[in-house]
Amino acid sequence: MRRRQFLILSAASIGGVLVYSLDRKASRVFAQEKSAQTLKIPLRFFTKDEAMIVAAAAARIFPSDDSGPGAKEAGVVIFIDRQLAGPWGRDRYRYAEGPFDENGAREFGYQGKATPRETYREGLKGLKDFDSLTSEQQDKKLQQIENTHLFALLRQNTIEGMFSDPVHGGNADMVGWQLVGFPGPRMSNYDEVDKHFGEAFRPKPVTLEQVLHRKVRPSEDEDTASA
Amino acid sequence: MKTLPSTDVVIIGGGWTGLLMAKELSARSAVSIVVLERGRSRIPEYSSGMDELDYFVRMHMMQDPSREAVTLRHHDKENSLPIRQYGAFLPGSGVGGTGEHWGAVYPRLMPDCFELQSKTVERYGAAKLPEDHTMQDWPVTYDEIEPFYARSEREVGVCGKAGNLNGKKIEGGNIFEGWRSSEYPMPPTITPYFSELFRGGAKSLGYHPYNNATAVTSEEYTNPDGVSRPACAFCGFCERTPCMINAKAQPTNVLLPVVRQRKSVTLRTNATVKRIVHDSAARTGKARGVTYIDESGEEIFQPADLVVLASYTLGNTHMLLLSGIGTPYNPATGKGALGKNLTHQVSFGVQAFLPKPLNKFMGAGGTGVRISDFDADVFDHTHLPFIRGGMIGAMSVGTQPLSTFGTTPSSMKLPRWGSAWKKASIEYFDRTGVIAFSGEQIPHKGNYFDLDPRYKNPMGDPLLRMTMNWQDNERKMAEFMNAKMVEIGHAMGAKEVNPFPGYGDYDVVRYQSTHIQGGTMMAKSPDLGVVNSYQQHWEIPNLFVIGASTFPNSGSSNPTPTILALTYRTADAILDRYLKKPAPLA
């Protein structure tokens, strides 16, 4: 088993609230504490170098810019790391028997043998030092791999990390939901659904744990066999 | 193998049909009933279902493809490949089956769907029938099952407004629908903004919009069994999730509370049926019971006097093929009916980019407005290159960001990532609505099920194989409807409407609907189908096969209302006739 690695981030860079210690206990980082600190985030699957590459790529797919915060503030890389460590990352629920036809037509969906973990691990080898390139160089590099399965996963997982419930490690401080005006899991819209025609109705977002007043165990924690 | 004490009835599957059959048989007879459900018991976890990632994207409610998958090829000359992750259709697993995560849309079939072949010939002549079609009339008519439709609507609690009460047309309802003996049990759900815009657009073009019938509650509702459910709260987490407050009808909140009280019914979960054990003989064969694998992995034989196969369409056909019951369909000779007439409701949408925010996170399953002006044979096809049609509508079922973020007007010609895409995606996130079409697929000679020669499940059994592609009729129908839908989008005030790109080959990635039909179709004689109109197997009278697998063709409507109506009819026939004299009912 390899030694656990950590992702070191400046606390100010991430809107983040969820930081996981080795025993998976979450600790909350409050805004006033964040100023000059760094966060040491235990990684479940990625090496530190891999995490830096994925964080940089996600930040080009969903940049932080004039239209608002992006993958960096949402903590997308933490989300992806946890997904890959969980059952989805190792294809626990995919039909994974051969023979495999890697060239199967698009209509059959992904037919490759590689699990998401393997696709990331192998694919990231081709993006060595990606995080130290300029934004322009990074975009060029991503355009080159735009038709690969790795890129399809990166794009899909980045959107997921932006907008999933924060219990999954991304969408920190619900920045993704605030960006698009999605209120999260509201138990009732009964009094509002026939009102606000033609105008934006944007209730303050809430997380699933806030709504249920209890801890929720996300699927990636169901089984986190060692990477 | 362990052999258990015999039971009067064994039911394979604990979803809508299996639990309804258990409820009906236990209400009016003393037979002992064992229900075998492959999946797990599922209710306590529902409060955490408002999580788009685990439920909508990672598909927490669905069948696990690593345990049970199907394969696909488009035609006989192609190699099949496994559907490694479900996408185009989403079968469920666990108590309640697909009925837990369904969308609750509840329209009846149009009356002429039951007489597809003869009504088409009557109006247009035989030359109008599509090439290589395998249409044949059902052995039951709309008029015969109307009372069972009405019963199912009261049981599950359906909202809507009648458009045809005993032949009298009523404005505001669907005036093209088949006659109804009674009004819906509840008035329609509230109409959210996007669906209201559709009503306005459709009206301005002279169409006849109506509120869609749905099995979510518009007010507190108590059904004839005394089961009460609260009014829907429009939380918007509905399709692909179970309901957190039991406003959406599900087998676990409509049927299970009743079945649980019945001492004659035993429900076993984590029980994967392997085979129906039987003796063969034309018309006098006999099912002896079923073998299944229990939670510990042990193989069990459950003897039974009556076997009811009540899984999803795919499972029903698969079980008969694996058990060697009936003659598999051969497309080259046309002989055999097992696996024949596989259809999948035609489903696609156009994206309307609207000027004002839609607040689309508020919604409820099956809620919305539709038109049936282009459904079935409502409109004249004399000068059109296709037959039949479907419903066009604007549903407001609740929209979450993972499933919808990133849609932008095609005229902007944006890449699919980066700053410009992000900016436009944010701008259009709550201004994009999908106008959707649900239509009929005509059964075709080349679309069928059989066993896959290469791919197996973990028990070592061959997977079910679908040979399936869209045919000329669907492609031309889609082209015609696409134009109508774009026109309605503009009439709703859309700045731009992205049309449906048209049908390529059958695609397992894009979600269409979980409305796959056929494989064990009913017919008026044993040479034409697998079961009779009571869904009783033609060769084995103590075997009943219930569900959409018995449909000879797809309607434009979602199949569940018809599935439940036919289940009621079968239950009545078993109770009133079969239990008194176990013999062929037709």
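These figures come from a predicted structure and were not determined experimentally. (Residues numbered from 1 in each chain as written. Chains lettered and ligands numbered in written order. Predicted model: local features only at pLDDT ≥ 70, side-chain atom pairs only at ≥ 80, totals over all residues. Heavy atoms only, no water.)

### Overview of the overall build of chain A
Across its full length, chain A holds nine helices and four strands. Counting from the amino terminus, chain A carries its helices and strands in the arrangement β-β-β-α-β-α-α-α-α-α-α-α-α. Counting across all 227 residues of chain A, residues that qualify as buried make up 52%. Long-range contacts, defined as pairs at least 24 residues apart, comprise 68% of the intrachain contacts of chain A with a sequence gap of at least 6. As displayed, chain A has an accessible area near 10,800 Å², and 50% of this comes from carbon and sulfur atoms. (Helix = DSSP H or I, 4+ residues; strand = E, 2+ residues; numbered from the N terminus. Buried < 20%, exposed > 50% of the residue type's maximum accessible area, 1.4 Å probe, protein only. Contact = heavy atoms within 4.5 Å. Areas by Shrake-Rupley, 256 points an atom, 1.4 Å probe, with all protein chains shown as cover.)

### Some words on helix α6 (residues 135-144) of chain A
Every α-helical turn comprises 3.6 residues, leaving residues that sit three or four positions apart pointing alike. Residues and elements named next belong to chain A. Listing the buried residues of α6 in full gives Q138, D139 and L142. Looking straight down α6, one finds its buried side chains confined to an arc of 100°; they lie on one side. Across α6 from its buried face, at more than 90 degrees, point the exposed residues E136, K140 and Q144. Against α2 (48-61) and α7 (149-163) lie the buried residues of α6. (Arc of directions from axis to C-beta.)

### Some details on the nonpolar core
As a rule of thumb, soluble globular proteins bury nonpolar side chains together. Counting 195 residues, the largest nonpolar core has F46 of chain A together with I276 and M466 of chain B as the members making the most contacts within it. The next biggest cluster of nonpolar side chains, apart from the first, holds 22 residues, and it includes M21, V31, A310 and L585 of chain B. (Core = buried A, V, L, I, M, F, W, Y, C linked by side-chain atoms within 4.5 Å.)

### What to know about the environment of M110 of chain B
Residue and element names in this part refer to chain B. Note on placement: M110 falls in the loop between β5 (81-82) and α3 (116-124). M110 sits in the buried class, given a relative accessible area of 7%. In sequence terms M110 and S228 are 118 residues apart; their C-alpha atoms lie 30 Å from each other. Look past the residues within four positions of M110 in its chain and what remains in contact with it is F176, E177, D375, A376 and V378.

### A closer look at the side chain of R370 of chain B
Following the sequence through the fold, R370 of chain B ends up in strand β17 (residues 368-371). For the buried R370 of chain B, no salt bridge exists, and the shortest N-O distance to an oppositely charged side chain is 7.8 Å, to D375 of chain B. (Lys, Arg positive; Asp, Glu negative; His and termini not counted. Salt bridge = Lys/Arg side-chain N within 4 Å of Asp/Glu carboxyl O.)

### Remarks on the sheet that holds strand β22 (residues 496-498) of chain B
All names here are of chain B. With antiparallel pairing, the six strands of this open sheet are ordered in space as β8-β17-β18-β19-β16-β22. At either end of the open sheet lies a strand with only one pairing partner, and these are β8 (210-211) and β22. Where strand β16 (residues 346-353) lies against strand β19 (residues 432-439), eight bridges are found, and the strand directions are antiparallel. Bridging from a neighbouring strand, S347 pairs with S438 of β19. Contacts from helix α11 (residues 472-491) reach β16, β17, β18 (390-395), β19 and β22, with the element oriented near 25° to β16. (Pairing = 2+ DSSP bridges. Axes fitted to C-alpha atoms, helices over the stretch in contact; angles between N-to-C directions.)

### Let's talk about the pattern of salt bridges
Residues and elements named next belong to chain B. Tallied over the entire structure, the rule returns 38 salt bridges over all chains. Between D572 and R151 there is a salt bridge whose closest N-O contact spans 3.0 Å. With D572 in helix α12 (residues 560-578) and R151 in helix α4 (residues 142-156), this pair connects stretches of sequence that are 421 residues apart. Taking relative accessible area as the criterion, D572 reaches 14% and is therefore assigned buried. Linking D279 and R288 is a salt bridge whose minimum nitrogen-to-oxygen distance equals 2.3 Å. Residue D279 is classed as partly exposed on the basis of its relative accessible area, which comes to 32%. Among the ionic contacts, a cluster of salt bridges with common partners joins K23, E24, R28, R151, E155, D225, D572 and D576.

### Remarks on the interface of chain B and chain A
Each partner contributes residues to the interface: chain B has 63 residues there, and chain A has 73 residues. Counting across the chain B and chain A interface gives five salt bridges. When the shortest N-O distance is used, the salt bridge between K422 of chain B and D65 of chain A registers 2.8 Å. Linking chain B to chain A there are 32 residue pairs in polar contact (both at pLDDT 80 or more). For the side of chain B that touches chain A, the elements supplying multiple residues, two or more each, are α2 (52-57), β4 (70-73), β5, α5 (193-204), α9 (401-404), α10 (419-428) and β20 (448-456) of chain B. Looking at which element gives the most residues to the side of chain B that touches chain A, the answer is α10 of chain B, with five residues. (Polar contact = N/O pair within 3.5 Å; in protein donor to acceptor, adjacent residues only side chain to side chain.)

### Describing the confidence of the model for chain A
Per-residue pLDDT for chain A has a mean of 88; in total, 84% of the residues score no lower than 70. Predicted confidence is poor over residues 16-32 of chain A, with pLDDT under 50, and the contacts of this stretch with residues over four places away or in other chains come to 34 contacts. (pLDDT = per-residue confidence, 0-100.)

### Concerning the pairing of β17 of chain B
A regular strand places its side chains so that they alternate between the two faces of the sheet. Residues and elements named next belong to chain B. Residues G368 and R370 point to one face of β17 and V369 and I371 to the other, with burial holding for every one of them. Judged from the two bridges that link them, β8 and β17 form a sheet pairing that is antiparallel. Residue pairing for β17: Y210 is matched across the bridge by R370. As defined by bridge partners, β17 adjoins β18 across four bridges and the pair is classed as antiparallel. Opposite I371, over in β18, you have I392 as the bridge partner.

### Describing the environment of W470 of chain B
Residue and element names in this part refer to chain B. On the secondary structure map, W470 appears in the loop between β21 (462-467) and α11. With 34 residues separating them in the primary sequence, W470 and G504 have C-alpha atoms 7.8 Å apart. Residues within four places of W470 in sequence aside, it is in contact with H344, Q345, V346, Q441, R475, Y503, G504, D505, Y506 and Q512.

### Side note on the packing of aromatic side chains
Residues and elements named next belong to chain B. A complete count under the given rule lists 38 aromatic pairs over all chains for this structure. Here the aromatic rings of W16 and W102 are separated by 5.5 Å at their centres, their planes lie at 75°, and the arrangement is edge-to-face. Of this pair, W16 sits in helix α1 (residues 16-28) while W102 sits in the loop between β5 and α3, and the two are 86 residues apart along the sequence. As far as burial versus exposure is concerned, W16 and W102 are alike and both buried. (Phe/Tyr/Trp six-rings, centres within 6.5 Å; stacked < 30°, edge-to-face > 60°.)

### Concerning the sheet that holds β4 of chain B
Pairing in this open sheet of four strands is mixed, and the strands run β5-β4-β21-β20 (chain B) from one edge to the other. This sheet does not close on itself; its edge strands, each paired only once, are β5 and β20 of chain B.

### Considerations on the side chain of D137 of chain B
Residues and elements named next belong to chain B. With respect to the helices and strands, D137 occurs in the loop between α3 and α4. Despite its burial, D137 pairs with no opposite charge; the closest candidate is K524, at 6.0 Å N-O. Side-chain polar atoms of D137 contact the side chain of S118, separated by 2.5 Å. Not counting the four nearest positions on each side in its chain, D137 is found in contact with F114, E115, L116, Q117 and S118.

### What about α3 of chain B?
Residue and element names in this part refer to chain B. L116, T120 and Y124 are the residues of α3 that are buried. Here the buried residues of α3 occupy an arc of 25° about the axis, which is enough to place them on one side. One or two positions beyond α3, positive phi appears at G125, with a value near 90°.

### Some thoughts on unusual backbone geometry
A cis amide bond links G98 of chain A to the next residue, P99 of chain A, at an omega of 0°. Within the secondary structure, P99 of chain A is located in the loop between α4 (76-85) and α5 (116-125). Not every positive phi belongs to a glycine, and D173 of chain A is a case in point at roughly 55°. Tracing the sequence through the fold places D173 of chain A in the loop between α7 and α8 (175-180). At N270 of chain B, a residue that is not glycine, the phi angle is positive and equals roughly 55°.

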